[in-house]
Amino acid sequence: TAATLYERWDGDPRQLLERPAIDTESQPAGSFDAPTIERAITNHDFPGLSGRKIRRLWLRLMHGEIQPLTRIETIAIPVDFYIVEITNRLSGGQTAFDPSDRDHQQTLRQFWQLVCQRNDLVPVQLYKPLWLLHKGWDDGGRTYLAAQLEELRAD
């Protein structure tokens, strides 16, 4: 990953964000564009960033900490064990998605994409709160969610 950044983008991830299409001299239409940057990471030698989960989380980090990226809302939520399990828990036992089943993962990616579209949320940014909710589910997460839902219903 470091070698690819060094050789193609002067060792600077900000250059990758600004010029994901390295074969153009000027700022292309893909400048600071999340899907274009995602393709650049996928098409070049980025072993540390090219995995489905880490690539999306890295884009979220770049968007939030380095430079706002256009079309970040098109980057899907990384569906892993935690997202599958919290989705099962949030369903109140009505679903039993398997964390290792790729079809189930794809179904949940589409599900969370729709939830986000309908609520003006960014899927990749939803990962962290869902992960935290899963992590704390037995230590108050479930109680917290119930209280929040009760408060929303009262409004």
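Keep in mind it's a predicted model, so treat the numbers as computed, not measured.

**Student:** What am I meant to see in the nonpolar core here?
**Tutor:** General note: in soluble globular proteins, nonpolar side chains tend to be found buried as a group. If you look at the biggest cluster of nonpolar residues, it comprises 19 residues, and the most contacted ones within it are L16, I37, W58, L69 and I72. Elements with a contribution of two residues or more to this core: α1 (2–9), α2 (13–18), α3 (34–43) and α4 (52–66). Filtering out sequence-adjacent residues up to four positions away, L16 remains in contact with L5, W9, I37, A40, I41, F46 and W58. Within the second largest apolar cluster, 14 residues are counted, among which are L57, V84, L133 and W137.

**Student:** Help me understand the environment of L17, please; the structure alone is not making it clear to me.
**Tutor:** Along the chain, the position of L17 falls in helix α2. Once the C-alpha coordinates of L17 and L69 are considered, the two residues, 52 residues apart in sequence, prove to be 8.2 Å apart.

Rules and cut-offs
Residues numbered from 1 in each chain as written. Predicted model: local features only at pLDDT ≥ 70, side-chain atom pairs only at ≥ 80, totals over all residues. Heavy atoms only, no water. Core = buried A, V, L, I, M, F, W, Y, C linked by side-chain atoms within 4.5 Å. Buried < 20%, exposed > 50% of the residue type's maximum accessible area, 1.4 Å probe, protein only. Helix = DSSP H or I, 4+ residues; strand = E, 2+ residues; numbered from the N terminus. Contact = heavy atoms within 4.5 Å.

Without other data, these values stay purely geometric and don't point to any function.
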